Amino acid sequence: MVSRLWDMVIAMLLWGVWLPSCLSQTTSPSQDGKIKFRLAGYPRKHNEGRVEVFYNGEWGTICDDDFTLANAHVLCRHLGFVEALSWSHSAKYGPGTGKIWLDNVMCGGSENSIEKCVSRGWGNSDCTHQEDAGVVCKDERLPGFADSNIIEMQVNENRMENIRLRPLSGAHAGRMPVTEGVIEVKFKEGWGHICNTGWTTKNSRVVCGMMGFPSQRTVGKKPIMTNVYKALKKVKSIPYVATGPLANEFLTSQVRLKGGAKTGEGRVEVLKGSEWGTVCDDHWNLQSASVVCREVGFGTAKEALTGARMGQGMGPIYMNEVQCRGDEKSLWDCPHKSITAEDCKHMEDASVICNIPYMGFEKSIRLTGGRTQLEGRVELLLSTGSGVRDWGLVCGDGWTSREAMVVCRQLGLGHASSGLRETWYWDSSNVTEMVLSGVKCKGNEMTLTDCQHHSVVSCKRAGAQFSAGIICSDTASDLVLNAPLVEQTVYIEDRPLHLLYCAAEENCLAKSAAQANWPYGHRRLLRFSSEIHNIGKADFRPRLGRHSWVWHECHRHYHSMDIFTYYDLLSLNGTKVADGHKASFCLEDTECHEGVLKHYECANFGEQGITVGCWDLYRHDIDCQWIDITDVIPGNYILQVIINPNFEVAESDFTNNAMRCNCKYDGNRVWLHKCHLGDSFSEEAEKEFEHYPGQLNNKIS
């Protein structure tokens with residue numbers, strides 16, 4: 001390729017002609033200012049692939065002539081990565097289609113746009129698609145890039161994206177979702193029908209899948225369809241682990257989605273035996289993703305995502321190189337390889353975004369007064385006593401990030417960042433009446449009105465300034481406890497009272513310690529280490545800024561949260577026999593995965609938090625890292641640890657915030673076994689921990 005270029009340059013020099021419109025030309029700005037980039041091709045990961053450019057309304061590629069690592073650096077930054085690791089030539093990821101937009105690109109490497117680099121100009125190329133260039137980017141994000149907007153899966157640009165069902169009669173016009181009707185496709189400036197000649201049930205299945213439905217049937221010989229999909233409105237909620245709305249009809253309950261902001265998206269997890277695990281992203285594609293989507297009760301896959309784009313799992317990795325045809329009933333039916341520890345890491349967990357039916361849930365809720373469209377006071381459209389629908393406010397009493405999570409999902413705005421109980425600092429609309437109070441959500445509901453709430457509005461604090469508000473975000477943190485470490489580090493210590501004055505001041509001992517003969521005697525402590533990982537897509541930060549943190553002189557540290565973790569010892573019938581707690585006196589990055597930098601350190605009044613890919617370790621020998629069991633008699637118990645128990649800080653998933661273990665105490669020694677996260681086992685395996693209500697306070701009794 002290089003020799004061809006030099007031959008051309010020499011020839012032109014001999015003719016006395018230089019290249020004012022070729023190699024010396026800086027790429028001109030696009031006509032409409034809308035340039036987008038994506039990685040495509042196969043096989044690839046989320047951070048590598050054929051470079052494709054959207055220019056002048058059309059996707060095209062870049063030729064590998066004169067391509068360098070400097071070019072790759074600029075392109076990787078366009079895609080949201082910090083830098084490039086390497087580049088590829090000769091269509092390593094397969095030849096693209098459409099135009100070859102750029103050729104002989106030569107960047108210095110520091111340019112903030114590919115338009116600043118020298119090239120032959122837009123659309124001026126002598127290459128074929130067998131010379132398409134590719135890049136491998138470093139899997140580290142630039143701040144401010146939302147994953148979902150960076151890399152698009154390769155799609156056929158001629159594929160019909162605009163398709164709908166027109167209800168057969170006026171009686172069906174207002175029903176949601178629209179499950180039957182005449183197929184219409186977007187055509188020029190309007191909508192057109194499809195001729196029924198040669199129409200098959202396979203065609204119907206494709207159309208239904210595009211609209212989010214897992215199955216279909218064709219009526220007669222006309223392009224009229226009904227769907228066996230049950231209306232989502234009849235389903236009170238879809239579990240946040242996304243086992244799907246039709247668990248009893250379509251599902252094998254062997255697959256679930258975790259960590260997604262919206263219904264029908266998330267990290268793919270599969271059940272093997274009694275334990276959930278993840279799927280490695282090698283060879284992960286739309287066919288396999290579509291099998292998952294239908295298995296969890298939706299239509300085809302919109303995107304097949306790699307590189308733990310929906311957060312990393314914590315359990316085993318069960319499947320690798322999954323290669324489905326697309327019509328299998330279960331992901332387990334697809335050809336795949338078993339996993340070894342060397343094959344894959346959780347940073348390669350596969351995830352999906354499914355096509356789901358349009359329900360119009362966002363039409364009955366809105367945000368007002370916020371600075372951006374991602375925040376504001378929550379207003380609901382509800383029927384009044386006279387049958388007229390009008391907008392009203394939600395009482396802020398007891399409002400948490402779990403309720404905010406439901407609202408953000410209902411509005412299609414991603415994850416919750418904050419749930420606000422007061423909104424006096426936002427501009428008020430003319431809506432002043434409270435129409436909903438006592439709202440208490442699990443976090444998996446599809447609409448706010450699906451959550452528990454008062455039958456009659458009762459708000460302790462009147463006035464619009466005390467109505468509920470939310471702030472939404474593209475990303476969220478997700479905290480999980482290292483359960484095996486708890487099991488490995490547990491022991492009993494009889495600690496002298498004279499060493500426990502600070503702990504008593506911070507309320508880390510049982511109530512009976514107040515009647516002890518201080519400083520003589522001791523307390524019996526159940527001690528263990530607590531390693532808390534952030535496996536989400538955003539840093540975990542205390543709800544309050546450090547100007548609001550409380551200084552504790554005895555231990556000489558700041559508390560950034562009132563309660564960060566609960567430690568409970570429960571009898572087998574659910575009675576709490578002893579408890580402990582941990583204020584986040586030092587919420588910091590103790591260790592991180594390879595390539596992840598620490599950002600938070602408590603020393604010298606530093607910022608507190610846990611970076612994505614890092615963990616905070618409370619060692620067993622730290623004050624208050626215990627449960628005072630001085631008054632506990634020998635027997636069998638359950639140890640429960642719950643992180644972020646009051647939902648002060650928003651997370652993408654609260655179902656994995658609890659850890660439980662079987663505990664045996666003989667009066668002198670203690671044993672823990674079967675320590676696991678609250679969502680890591682199958683329902684059947686979990687039943688042995690659920691003989692009583694209220695054990696897990698993430699559940700609503």
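Cut-off values and rules
Residues numbered from 1 in each chain as written. Predicted model: local features only at pLDDT ≥ 70, side-chain atom pairs only at ≥ 80, totals over all residues. Heavy atoms only, no water. Disulfide = S-S within 2.5 Å. Helix = DSSP H or I, 4+ residues; strand = E, 2+ residues; numbered from the N terminus. Buried < 20%, exposed > 50% of the residue type's maximum accessible area, 1.4 Å probe, protein only. Polar contact = N/O pair within 3.5 Å; in protein donor to acceptor, adjacent residues only side chain to side chain. Contact = heavy atoms within 4.5 Å. Pairing = 2+ DSSP bridges. Salt bridge = Lys/Arg side-chain N within 4 Å of Asp/Glu carboxyl O. Core = buried A, V, L, I, M, F, W, Y, C linked by side-chain atoms within 4.5 Å. Axes fitted to C-alpha atoms, helices over the stretch in contact; angles between N-to-C directions. Phe/Tyr/Trp six-rings, centres within 6.5 Å; stacked < 30°, edge-to-face > 60°.

Asks: Which residues make up the state of the cysteines, and what values do they have?
Replies: On inspection of all chains with the given rule, the structure shows twelve disulfides. The disulfide partner of cysteine 408 is cysteine 472, and the gap between their sulfur atoms is 2.1 Å. Here the S-S torsion is close to -95°, and the disulfide linking cysteine 408 with cysteine 472 is therefore left-handed. Pair noted here: cysteine 408 is in helix α6 (residues 401–411) and cysteine 472 is in strand β24 (residues 469–473), with a separation of 64 residues, a long-range link. Classification of cysteine 408 as buried rests on a relative accessible area of 0%.

Asks: Describe the side chain of arginine 495, and please don't skip the residues or the numbers.
Replies: In this fold, arginine 495 is placed in strand β26 (residues 491–496). A distance of 3.0 Å separates polar atoms of two side chains, one belonging to arginine 495 and the other to glutamate 493. Setting aside anything within four residues of it in sequence, one finds arginine 495 in contact with Leu500, Gly521, His522, Arg523, Leu525, Arg527 and Asp623.

Asks: Let's hear about α6: which residues, and what values?
Replies: For α6, the tally of buried residues reaches eleven of eleven residues, placing the bulk of the element in the interior. Along α6, the residues that are buried comprise Ser401, Arg402, Glu403, Ala404, Met405, Val406, Val407, Cys408, Arg409, Gln410 and Leu411. Of the surrounding elements, those touching the buried residues of α6 are β19 (365–368), β20 (375–383), β22 (415–420) and β24. Its side-chain oxygen at 3.2 Å from the backbone nitrogen of arginine 402, threonine 400 defines the N-terminal cap of α6. Of the residues trailing α6, glycine 412 is marked for its positive phi of about 70°.

Asks: Describe the sheet that holds strand β28 (residues 530–534), and please don't skip the residues or the numbers.
Replies: Read from one edge to the other, the open sheet built from four strands follows the order β25-β28-β34-β33, with strand pairing classed as antiparallel. Every other strand in the sheet has two partners, leaving β25 (479–481) and β33 (591–592) as the edge strands with one partner each. As paired strands, β25 and β28 are joined by three bridges and run antiparallel to one another. What sits directly across from valine 480, in β28, is histidine 533.

Asks: How would you summarise the pattern of salt bridges if you had to cite specific residues and measurements?
Replies: Counted under the stated rule, the structure contains 29 salt bridges. Note that arginine 523 is salt-bridged to aspartate 628, the shortest N-O span being 3.0 Å. A residue pair is termed long-range when its members are at least 10 positions apart, and arginine 523 in strand β27 (residues 522–527) and aspartate 628 in strand β35 (residues 626–628) qualify at 105 residues. Of the two residues, arginine 523 and aspartate 628, both sit in the buried class.

Asks: Tell me about the environment of lysine 576, and name the residues and values.
Replies: With respect to the secondary-structure elements, lysine 576 resides in strand β32 (residues 576–582). For lysine 576, a relative accessible area of 46% corresponds to the partly exposed category. Residues lysine 576 and leucine 639 lie 63 residues apart in sequence; the distance between their C-alpha atoms is 9.9 Å. Residues contacting lysine 576, with those up to four places away along its chain left out, are Asp568, Leu569 and Leu570.

Asks: Can you explain the nonpolar core? Please cite residues and give values.
Replies: Core analysis: the biggest nonpolar cluster contains 39 residues, and Phe564, Leu569, Ile629, Leu639 and Met659 have the highest contact counts within it. Only β25, α7 (483–489), β31 (565–570), β36 (635–643), β37 (658–665) and β38 (670–677) provide two or more residues apiece to this core. Dropping the residues within four chain positions of it, leucine 569 is found in contact with Leu526, Thr575, Lys576, Val577, Ala578, Ile627, Ile629, Val632, Tyr637, Ile638, Leu639 and Cys663.

Asks: Please give an account of the side chain of histidine 676 that cites residues and values.
Replies: Its place among the elements puts histidine 676 in strand β38. Under the relative-accessibility criterion, histidine 676 is labelled buried at 3%. Polar side-chain contacts of histidine 676 include one of 2.8 Å to the backbone oxygen of lysine 674.

Asks: Break down the pairing of β32 for me, citing the residues and quoting the values.
Replies: Bridge count between β31 and β32: six bridges; the pairing is antiparallel. Following the sheet pairing, tyrosine 567 is matched in β32 by glycine 580. The loop that links β31 with its antiparallel partner β32 comprises five residues; one of these, glycine 574, has a positive phi angle of about 95°.

Asks: So, the environment of arginine 50: which residues are in play, and what are the values?
Replies: By the element assignment, arginine 50 lies in strand β2 (residues 48–55). For the pair arginine 50 and tryptophan 87, spaced 37 residues apart in the sequence, the C-alpha separation amounts to 9.5 Å. Side chain to side chain, arginine 50 and glutamate 52 meet in a polar contact 2.9 Å long. Here glycine 94 takes part through its backbone oxygen, which lies 2.7 Å from a polar atom of the side chain of arginine 50.

Asks: I'd like a rundown of the sheet that holds β37, residues and numbers included.
Replies: Taking strand neighbours across the sheet as the criterion, the five strands line up as β32-β31-β36-β37-β38 in an open arrangement whose pairing is antiparallel. Whereas interior strands pair on both sides, the edge strands pair on one side only; in this sheet they are β32 and β38. Across the sheet, the mean angle from the axis of one strand to that of its neighbour is 20°, orientation sign disregarded. In this structure, β37 lies alongside β38, joined through six bridges in antiparallel fashion. When the sheet's bridge partners are listed, lysine 664 is paired in β38 with tryptophan 671.

Asks: Describe in detail the packing of aromatic side chains, supporting the description with residues and values.
Replies: Counted under the stated rule, the structure contains 13 aromatic pairs. Consider the rings of tyrosine 55 and tryptophan 122, whose centres lie 3.9 Å apart with planes at 0°: the pair is stacked. Placement of tyrosine 55 in strand β2 and of tryptophan 122 in the loop between β5 (99–102) and β6 (134–137) is noted, with a sequence separation of 67 residues between them. There is no split in this pair, since tyrosine 55 and tryptophan 122 are both buried. A ring pair is formed by tyrosine 501 and tryptophan 518, whose centres lie 5.0 Å apart and whose planes are at 45°; its orientation type is tilted. A residue pair is termed long-range when its members are at least 10 positions apart, and tyrosine 501 in helix α8 (residues 501–505) and tryptophan 518 in the loop between α8 and β27 qualify at 17 residues.

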